[in-house]
Amino acid sequence: MKKLSFLIACVGILLFQACKEIGPQIDFGPSGNDTTYKTTPETAQAKKVLAEEFTGVSCPPCPNGHDIMKNIGTALNGNLVIIAYHILNYPQAYPIDDDHHKSKYDLRTEDATKIGKEIFGGIGGMPLAGFDRKAVSGSTLLSTGQWSNAAQTSATSPSPVNIHITSSYDADTREATAVVTLAYTAEVSIDHNLTIAVTEDGIEDLQKRDLTVLEEYHHEHVLRKIITPISGKLVPNENPKEPGRVFQSTFKFTVDAEWNPDNCNVIAFITNNAPNNREVVNAEEVKLKGQ
């Protein structure tokens, strides 16, 4: 009788393990402990709009763009994630260097330049911005007068996926760890890409404004690095992605010595990955140190 009971218990354990879903390994890039699983669907988050702003320290009208973007964020109750791109090979983005003023920092990056060229097809003026990479009158890059309406329109589009980020920082090694969780709340039949970016706020330096040079201007949302490929990393090709499907990945990266980790942010956003549809479907942002 004891042997029979033991046998029944063993069979029960094996059946339980056979029914439990085991998340397969997935690959989002420089990461580890990646997995996917199915669970009870979450309630859909309020969508956050991604604003990608092309700006420069030698651009006199750009501070007005910064003010407009700040006001849009307030109007959207904080549901706006901003990345400020300072690009190479464009005069209005050059550091200031004249007889009376010299910038302390060069905020331009290769990654910002690639975004301008590869995602937006080139930059022909500043300030310009895109909102969720959606076209307005045939263009994804908009002048300041179009920003508010474009942002408000994007904010009304529901998102089929929630994004959660937890981030931590090791001061001894200057290594940051960001765990990104994508939780689908509606069925999606299109491929998705995940992009991870690092920005920094509160960089004090020179800035041209109209006919003057501001000495102690605070540059916000400055792109420091794109952690994934520029166009993002393909979310595992499981279509349709059903409500309750979760993908999770851990990204580790070194925080450059020139960045202030206290002021850095980790941004994650999801884009559609189809020949004629590269729009952003949701975005999220947290402090790099998790505070």
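To start, this report covers the structure provided alongside it.

With that settled, consider the side chain of Asn265. Mapped onto the elements, Asn265 comes out in strand 13 (residues 264–272). You can call Asn265 buried: its relative accessible area is 3%. Once residues within four sequence positions are removed from consideration, Asn265 is found in contact with Ala197, Val198, Thr199, Asp201, Glu285, Val286, Lys287 and Leu288.

The full count for this structure, using the stated rule, is 9 salt bridges. Put simply, Arg209 and Asp67 hold a salt bridge, and the shortest N to O gap is 2.7 Å. Of the two residues, Arg209 is situated in strand 8 (residues 203–209) and Asp67 in helix 2 (residues 62–75); the sequence distance between them amounts to 142 residues. Asp67 sits in the partly exposed class, given a relative accessible area of 33%. The residue Asp106 makes a salt bridge to Arg108 at a minimum N-O spacing of 2.9 Å. Residue Asp106 is classed as partly exposed on the basis of its relative accessible area of 39%.

Evaluation of the coordinates by the stated rule reveals 4 aromatic pairs. Look at Tyr184 and Phe247: their rings are 6.0 Å apart centre to centre, the planes differ by 85°, and that puts the pair in the edge-to-face class. Here Phe247 lies in strand 12 (residues 245–254) and Tyr184 lies in strand 6 (residues 175–184), a separation of 63 residues in the sequence. We classify Tyr184 as buried; its relative accessible area is 1%. A residue is classified by how much of its surface remains accessible, and Phe247, at 0% relative accessible area, is buried. Members of the aromatic cluster, joined through ring pairs, are Phe54, Tyr85 and Phe120.

All right, on to the state of the cysteines then. Scanning the model with the defined rule gives 1 disulfide in all. The side chain of Cys59 participates in a disulfide bridge whose partner is Cys62; the two sulfur atoms lie 2.2 Å from each other. What sets the handedness of the Cys59 and Cys62 disulfide is the S-S torsion sign, and at about 80° it is right-handed. Classification of Cys59 as buried rests on a relative accessible area of 0%.

Let's shift gears to the environment of Asp205. Relative to the helices and strands, Asp205 is located in strand 8. Expressed as a C-alpha distance, the spacing of Asp205 and Tyr217, which sit 12 residues apart in the sequence, is 5.4 Å. The residues touching Asp205, leaving out its near neighbours within four places in the chain, are Ser103, Lys104, Tyr105, Leu214, Glu215, Glu216, Tyr217 and His219. A polar side-chain atom of Asp205 sits 3.0 Å from the main-chain amide nitrogen of Lys104.

Attention now goes to the nonpolar core. Soluble, globular proteins show a tendency: their nonpolar side chains are buried together. Counting residues in each nonpolar core, the largest one holds 26 residues, and the members touching the most others are Val180, Leu182, Leu194, Ile196, Phe253, Ile270 and Leu288. Listing elements by their share of this core, those giving two or more residues are strand 5 (161–170), strand 6, strand 7 (192–200), strand 12 and strand 13. If one sorts the elements of this core by residue count, strand 6 sits on top with 5 residues. Core analysis: the next-biggest nonpolar cluster, separate from the first, contains 25 residues, Val81, Ala93, Ala112 and Ile226 among them.

Calculation rules
- Residues numbered from 1 in each chain as written.
- Predicted model: local features only at pLDDT ≥ 70, side-chain atom pairs only at ≥ 80, totals over all residues.
- Heavy atoms only, no water.
- Helix = DSSP H or I, 4+ residues; strand = E, 2+ residues; numbered from the N terminus.
- Buried < 20%, exposed > 50% of the residue type's maximum accessible area, 1.4 Å probe, protein only.
- Contact = heavy atoms within 4.5 Å.
- Salt bridge = Lys/Arg side-chain N within 4 Å of Asp/Glu carboxyl O.
- Phe/Tyr/Trp six-rings, centres within 6.5 Å; stacked < 30°, edge-to-face > 60°.
- Disulfide = S-S within 2.5 Å.
- Polar contact = N/O pair within 3.5 Å; in protein donor to acceptor, adjacent residues only side chain to side chain.
- Core = buried A, V, L, I, M, F, W, Y, C linked by side-chain atoms within 4.5 Å.

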